[in-house]
Amino acid sequence: MSSVDLLQEYHREKAAVQEAINLRVERGIAKISAEKKYREEKAKLVARLRADNVKVTLIRDLVLGNPTISKLREEYLLTEMLYDNTIEVINFGKLNCRLLAEEIKREYNDA
């Protein structure tokens, strides 16, 4: 690979990292929103079950088995996974940038 190709690849990788950082913000907001909805609905159900004098040992199972709570939990876990995946993409891109920078250094030192 020539020096010009390496520089172009470096800039493409750097742009991809910046794009992933921007995506992380969007996914972070979605994650927070999903978590908030899940926790609020879960708390409402727990309060309702306690008011109905349901045994405390059963509440957890009833909450986790509730279709609405399960759907909200699924959405929250999905947004969390997407957020974590974006962080991995950023880390991978940063590593690629470092490797390309080292390769560029070697190219210029050898020239």
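Here, every reference points to the structure presented above.
Model, not experiment: these values are computed from the prediction.

> What is the right way to read unusual backbone geometry from this model?
Excluding glycine, residues mostly have negative phi values, and the peptide bonds linking residues are mostly trans. Its identity as a non-glycine residue notwithstanding, N53 has a phi of 60°, on the positive side. Mapping N53 onto the fold places it in the loop between α1 (3–51) and α2 (56–65).

> Sorry if this is basic, but what is going on with the pattern of salt bridges here?
Proximity of charged atoms lets side chains of opposite charge pair with each other. Counted according to the given criterion, the structure contains six salt bridges. Of the charged contacts, one joins R39 and E35 as a salt bridge, the two residues approaching to 2.9 Å between their closest N and O atoms. Of the two residues, R39 and E35 both sit in helix α1, four residues apart, roughly one turn of that helix. For R106, the salt bridge identified is with E103, shortest N-O distance 2.7 Å. Residue R106 and its partner E103 are both found in helix α3 (residues 67–110); the two are separated by three residues, about one turn of the helix. Relative accessible area serves as the criterion here: at 44%, R106 is assigned to the partly exposed category. For E103, a relative accessible area of 28% puts it in the partly exposed group.

> It is not clear to me how the side chain of K31 should be interpreted in this structure. Could you clarify?
In this fold, K31 is placed in helix α1. No salt bridge is formed by the buried K31, whose closest oppositely charged neighbour, E80, lies at an N-O distance of 4.2 Å.

The rules behind these values
Residues numbered from 1 in each chain as written. Predicted model: local features only at pLDDT ≥ 70, side-chain atom pairs only at ≥ 80, totals over all residues. Heavy atoms only, no water. Helix = DSSP H or I, 4+ residues; strand = E, 2+ residues; numbered from the N terminus. Salt bridge = Lys/Arg side-chain N within 4 Å of Asp/Glu carboxyl O. Buried < 20%, exposed > 50% of the residue type's maximum accessible area, 1.4 Å probe, protein only. Lys, Arg positive; Asp, Glu negative; His and termini not counted.

Remember, this is a structural readout, not a statement about activity or role.
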